[in-house]
Structures are given as structure tokens and as C-alpha cells.
Amino acid sequence: MAIVSHVLARRLIPRLPAAGRWRFFTTTEGSRPSIVHKRSLDILHDPWFNKGTAFSVTERDRLDLRGLLPPNIMTPQQQINRFMVDLKRFQVNARDGPSDTNSLAKWRILNRLHDRNETMYYKVLINNIEEYAPIVYTPTVGLVCQNYSGLFRRPRGMYFSAADRGEMMSMVYNWPAEQVDMIVVTDGSRILGLGDLGVQGIGIAIGKLDLYVAAAGINPQRVLPVMIDVGTNNEKLLEDPLYLGLQQNRLEGEDYIAVIDEFMEAVFTRWPNVIVQFEDFQSKWAFKLLQRYRNTYRMFNDDVQGTAGVAIAGLLGAVRAQGRPMIDFPKQKIVVAGAGSAGIGVLNAARKTMARMLGNTESAFESAGRQFWVVDALGLVTEERLDVDPDALPFARKSKEMDRHGLSEGASLAEVVKKVKPDVLLGLSAVGGLFSKEVLEALKDSTSTRPAIFPMSNPTKNAECTPEEAFSILGEHIIFASGSPFNNVDLGNGKIGHCNQGNNMYLFPGIGLGTLLSGARVISDGMLQAAAECLAAYMKEEDFLNGVIYPRISRIRDITHEVAASVIKEAVAEDLAEGYRGMDSRELQRLDKVEISAYVENNMWDPKYPTLVFKSD
Ligand SMILES: NC(=O)c1ccc[n+]([C@@H]2O[C@H](COP(=O)([O-])OP(=O)(O)OC[C@H]3O[C@@H](n4cnc5c(N)ncnc54)[C@H](O)[C@@H]3O)[C@@H](O)[C@H]2O)c1
Ligand SMILES: O=C(O)C[C@H](O)C(=O)O
Ligand SMILES: [Mg+2]
């Protein structure tokens, strides 16, 4: 950590939380006791305070715990070792097929720990993030959402439903925490590539917030997963007697917007500084809601904006992996399969990045647009299409260019790849196997020396192709990045085909943390751009040449720290930063790079048991 002056260090430490309210302070405050207002079994049943067998003798006395626990006092590490014996019984790697009971069993064991001892849960997660991110997050979280009505035991987060209209402003006070920093909200309408899962989609909000705690060090007492249940159009769920959500069709139009408006007003009234991440809303609402709220509230849409940043960082990495300078990015020909919230988000951001590199003029923007070919469920998108989706319209190819390329409206993906010979083939279609043998064979004629293949759809079975398929057809000279994790491929002769994970998890935790600590009023394009550039700069030249364009997940806390610092810098530069707790906007402006980094680090929560002291109410 950077060395900061004593005086500055004091400023960097936020003010103490109200007595007794928060168990966890910042890293630097870790040694201060937490005041609790409960004792005995109430402590053991409270996951925020429970330490289980790790309660010391003096604490057992102070908190009336003597005799309520086995006598052998465990260190936190011994506790974890004991827990891991149970967890490790399911050694088989997580897959997400419906028959993969191992990954679900692991999720259950971890979830039960989450329910009874949060500190230990996050310690296990942070220390083994590479192994357990695929359980609490993509891909297993998809399986969890699909089965949520059966898996549900204890509630986690809040549910706002169409039946709560007119009540949200008061019901938001039912949440026990006085302060909430981060909300992830979904309406369950497009969970990963699994479609409409209704109320069961809350699992994705919980999984994303697990990463906020593990990667960004957001205090787990200040995160809130939210499900807005406006019904479901999933016929199976509508008929399932065990389904936990509203069994009615989704609200549409003004009725739908009224519910989301009411929710936003309620949460920002109770917690004016909260940040709301929109997650897995179907495209038709994702863009509209983003435009509706982004200039008023501290919010962003992860699928549109987080994904775009991660894809840009990966695309720039792919250019460098070809041994070319980043500035060559505007020459890349990019075919995107999928024109939903994620695809369009990536297209817009990539076009803007190219235009900036070309001088940021109108003509630069125009010519950048010609680098993209968009294929959706109806094939190649051109101006000839009747009722082309307005979000895809800027990327619809012109008829006269079509003749030149020998393509026409609705051309298949394989035809497009054959004719365009792209440098990059990117999939955000949610269609597993879309990059068929024929498509991958066509990519052999790519004009790139090292074509990039990004099957970014989640979960695993929705990936447009597997790394085995890509490397076996195209050979070792490719760049591969998938949304869900895959193992590297053994190419023989001691060579490894590297499988990157191109997932928005590399950005959203840092975007949230940077916004929180800067106190930015809104989340600007500049802040998102800064986050993407930070991720792109994280990798070294030799990584790129080895086909490695994203860091290992084990580095996610470090990356998030850096991303957050970049976001803060940009928020300050754009005069959006209003400060956070003890750090006001003027003080923020005076911090240099090293000091911002220290400020971020000092505010990242670490899972350590605090000493508990009882005080009656
Ligand atoms: N890796 C990541 O970080 C990341 C981030 C966001 C979304 N995603 C994934 O991207 C996928 C899409 O998400 P979305 O919100 O854009 O969904 P969406 O439903 O809004 O969009 C899907 C798009 O794919 C198109 N499509 C369908 N069938 C197709 C086909 N046969 N050929 C070409 N295109 C086809 C549809 O027309 C639509 O434009 C999901 O699987 C999601 O998990 C990944
Ligand atoms: O959730 C993920 O793994 C990434 C992304 O947000 C998605 O919707 O697929
Ligand atoms: Mg998502």
C-alpha cells in the first residue's frame, strides 16, 4: 500500500459509524470493537455477528454464550478448514447442465454458510474466488435461478411486486439496514441467456452483490438484492403450483414504468446516496430505463454498460495480441451476433472508441460505423429490413454496400463471416452453438493474423461455441474469450489454448465502488470509459502475445481497486464527485494518484471478526 502522511491518513479514514450499528469498519478500523444489542442465541442466529466456534472465552462470557457452543475454541482458519472438508466432497468442476447436482450441492453448502456466518462466507469466497465464483456467479447461479422456488429457504434481499403499488415508499423501511450503498435490481425478464425466470431471477442480484463484497469490498451489511416482480410470461412458471412469484402476465407499458418509477423513488428517498445497478432486464426495457434514469439517479445498466467496457478492453487486447498497436483498432472488422441489450451496448461503445481514435469528428463516427456487421435472429441487419429495431438502426448496413460484399438483408451468420472475413466474431445472442463448424470454418479466411472469437453468452450451455471447438477448427493462432468460465485447451506439443473469461464482473464492482467513494451524482460515459481503459491497461504486452487478454479471476480484488480509483479520478475531473463520508469533494480534488489508491484500499471491507461488546438498547 502507498505510504501516506499521518494527517492525510486520518482524513482517508471515514468517520466512525454510529455506535453499534455496523459490525465492520474499514480495514484500518478493524481493531475497534463492535457494539451489539443482543446476546445469547440471538447472536448465534445473526449471520452479521455470529462467529460460531470462534467466539473467545471472554466473549462467550460477555455475550452469555457459555455452554451454547462446544468447548473447543477454533481459530478462524480452523473453522474454514473444517468447513472446507464438507465443501470439498464435491470436487467435480461446476458445470451447469440440469443434471449437475455437484455445483448445486456446492451452492447449497455455501448458501447455508452465508445464512449463518457472513464473515466466514466472504472469507471463503475471497480466498478461493477462482474456484467459487463459478458457483455463486455464472454459470451455477443460472441453475440456481432456474430452481429457485425449490431452493428457497430463507429470504435474502427485498421483493417489490406489482401488488405493492402505492406501498413501496413505506415498505422500503422494512429493510433493517440504516445505510445501503449498493442495490442490484432485476425484474427477472432475461436472466443470463435463460429467458424470463420471473421472481426466481433474484438469484442473479444476490450473485452480483456477492462479487461486490468479494471484489470491491463493499460492506455486506450495506448491499441489497432486489427483485421487482411484475409477473412473468414464462408459461411453465405461470402454471407451476410451487412458483413463488406473481402468477400473472408481465405488466407492460405505463403500468410497468409506474412500478419501476415508484421503486426508484422509494429507495432513493430512504438512501439518497445508494447506487442502483440494473441487471438482466429484457432489452426492450433496458435501454428505455437507462435513458429514463441515468441523468437523475446514481444508476447504471450492467448488461449494456458494464459489458460494453469489458468487451472494449478485450477487443483492444485482441489488437495488441496480433502484435499491432491499439490505435489500429478502428481497422478491425467486427461481426456481432446478437443485437439485444448487450450486443447494442458493445456496438455503441466500440464505435465511439474507434471514432475517438480517428479524431472524434462526425466523419470519424460515420466511418467507424462501417466496421460492424450485425446479425440477429433474422440474419444480417440492413436498411432494407422493415421495422428494424431503432437501437440497431445505426448499424444497419446500406444496400449499396451489400452488393459490393455479395450479401443481402437477412444473410446467415456463416455467409456474413465468409464474405466479410472479420477480425473479430463476437456473440451476445444467447444461442448455444451458434458459432457452428460452418461459421468457424468460414473464419479461417479472416484477414487477421489472429482472429478473435468472443462467445460471450451465458451460462455455459448458451456459449456460441466452446474453446475446444474454436481451437480445433482454427488452430492455436486465435484469441478466445467466453462469458462463462471454460478450462484452457491442451493443444498438444506442450501448447495451451488460453481461454479468457470476458465477463462484466471485471468492471461492475469497480464502477460501483468508484461511484460510491467519489460520491458522483450520476455515472457518466467518461467514468465508464475510464473503467474500461483501466482494465485494458491492466494486462502486459507478453500476456497479450500469449493470448491472455483478461486477468485471472484471482486478481479481481486488485483490478477492482484500480478500476475504482480510475472511476474516482474521472468523476473528480468531470466535477461530478461530491465526496463520501469524511472525504468531501474539495479534499477529493486534492488527492494525487497514490492517495486515491490508498483511499480506495482503506475503504474496502475485509472479512475479519470484530470484537463484540454488548450494550443494552
Ligand atoms: N459476458 C458478459 O459479460 C455478458 C454480459 C451481458 C450479457 N451477456 C449474455 O449475452 C446474451 C444476450 O443478452 P441480451 O441482454 O443482449 O439478450 P437479448 O435477448 O436482448 O438479445 C439477444 C439477441 O440475440 C439475437 N439472436 C437470437 N437468435 C439469434 C441467432 N440465431 N443468430 C444471431 N442472433 C440471434 C436476438 O435477435 C437479439 O438481438 C445472454 O446470454 C447474456 O447472458 C453476457
Ligand atoms: O451475469 C453474468 O455472468 C454476465 C452478464 O451480466 C449476463 O447477463 O450474462
Ligand atoms: Mg447480466
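Remember, predicted model here, so these are calculated numbers, not experimental data.

Conventions and cut-offs
Residues numbered from 1 in each chain as written. Chains lettered and ligands numbered in written order. Predicted model: local features only at pLDDT ≥ 70, side-chain atom pairs only at ≥ 80, totals over all residues. Heavy atoms only, no water. Domains from an automatic or database assignment. Contact = heavy atoms within 4.5 Å. Buried area = accessible area lost by both parts, 1.4 Å probe. Salt bridge = Lys/Arg side-chain N within 4 Å of Asp/Glu carboxyl O. Patch = residues over 30% accessible without salt bridge, like charges linked within 9 Å, V, L, I, M, F, W, Y side chains within 5 Å. Areas by Shrake-Rupley, 256 points an atom, 1.4 Å probe, with all protein chains shown as cover. Lys, Arg positive; Asp, Glu negative; His and termini not counted. Charge placed at Lys NZ, Arg CZ, Asp CG, Glu CD. Helix = DSSP H or I, 4+ residues; strand = E, 2+ residues; numbered from the N terminus. Axes fitted to C-alpha atoms, helices over the stretch in contact; angles between N-to-C directions. Parallel < 35°, antiparallel > 145°, perpendicular 65-115°, else oblique. Left-handed = near helix turned anticlockwise from the far one by under 90°. Nonpolar A, V, L, I, M, F, W, Y, C, P; charged D, E, K, R; others polar. UniProt positions renumbered as here; feature names shortened; annotations may be inferred. Buried < 20%, exposed > 50% of the residue type's maximum accessible area, 1.4 Å probe, protein only. Expected span 1.5 Å × (residues − 1).

## Focus on the domain arrangement of the protein chain
Note: interface size is frequently given as the accessible area lost on complex formation between the parts. Here the protein chain is described as being made up of domain 1 (76-297) and domain 2 (306-316 + 333-496). In this structure, domain 1 and domain 2 have C-alpha centres spaced 30 Å apart. The partner domain 2 presents 14 residues to the 13 residues of domain 1 that form the contact. Taking both partners together, domain 1 and domain 2 bury about 1000 Å²; carbon and sulfur atoms supply 57% of that area. The interface formed by domain 1 and domain 2 contains zero salt bridges.

## What to know about a positive patch on the surface
Taken together, the side chains of Arg82, Arg108, Arg112, Arg116 and Arg153 make up a positively charged region of the molecular surface. In terms of residue count, helix H5 (residues 101-116) provides more of the positive patch than any other element does, three residues in total. In this fold, Arg112 is placed in helix H5.

## Some points on the packing of helix H22 (residues 508-518) against helix H25 (residues 556-573)
Each pair of packed helices gets described by two things: the angle between the helix axes and the distance between those axes. H25 packs onto H22 with a crossing angle of 45 degrees between their chain directions and a minimal axis gap of 7 Å. Between H22 and H25, the angle falls in the class oblique. Once H22 is placed against H25, the crossing between them reads as right-handed. Between H22 and H25, the residues in contact are Pro509, Gly510, Ile511, Leu513, Gly514, Thr515, Leu517 and Ser518 and Thr560, Val563, Ala564, Val567, Ile568 and Ala571, respectively. Class assignment for the residues of the contact of H22 with H25 results in nine nonpolar, five polar and no charged.

## With respect to the UniProt feature "binding site: a divalent metal cation" (unreviewed entry) in the protein chain
Feature annotation in UniProt assigns "binding site: a divalent metal cation" (unreviewed entry) to the following positions: Glu279, Asp280 and Asp303. These annotated residues cover 25 residues of sequence, and their C-alpha atoms all fall within 6.7 Å of one another, placing them together at a single site. Within the secondary structure, Glu279 is located in the loop between strand E5 (275-278) and helix H14 (283-293). Classification of Glu279 by relative accessible area gives buried; the value is 1%. What Glu279 contacts, discounting residues up to four positions off in sequence, is Val184, Val185, Thr186, Asp187, Ile204, Lys208, Asp302 and Asp303. Within the secondary structure, Asp280 sits in the loop between E5 and H14. Filtering out sequence-adjacent residues up to four positions away, Asp280 remains in contact with Thr186, Asp187, Gly188, Ser189, Arg190, Ile191, Leu192, Ile204 and Asp303.

## Comments concerning helix H11 (residues 202-216)
Across its 15 residues, H11 extends 20 Å between first and last C-alpha, which sits within 8% of the 21 Å expected from 1.5 Å per residue. The element H11 is largely enclosed, with a buried count of 15 among its 15 residues. Count one or two residues on from H11 and you reach Gly217, which has phi positive near 65 degrees.

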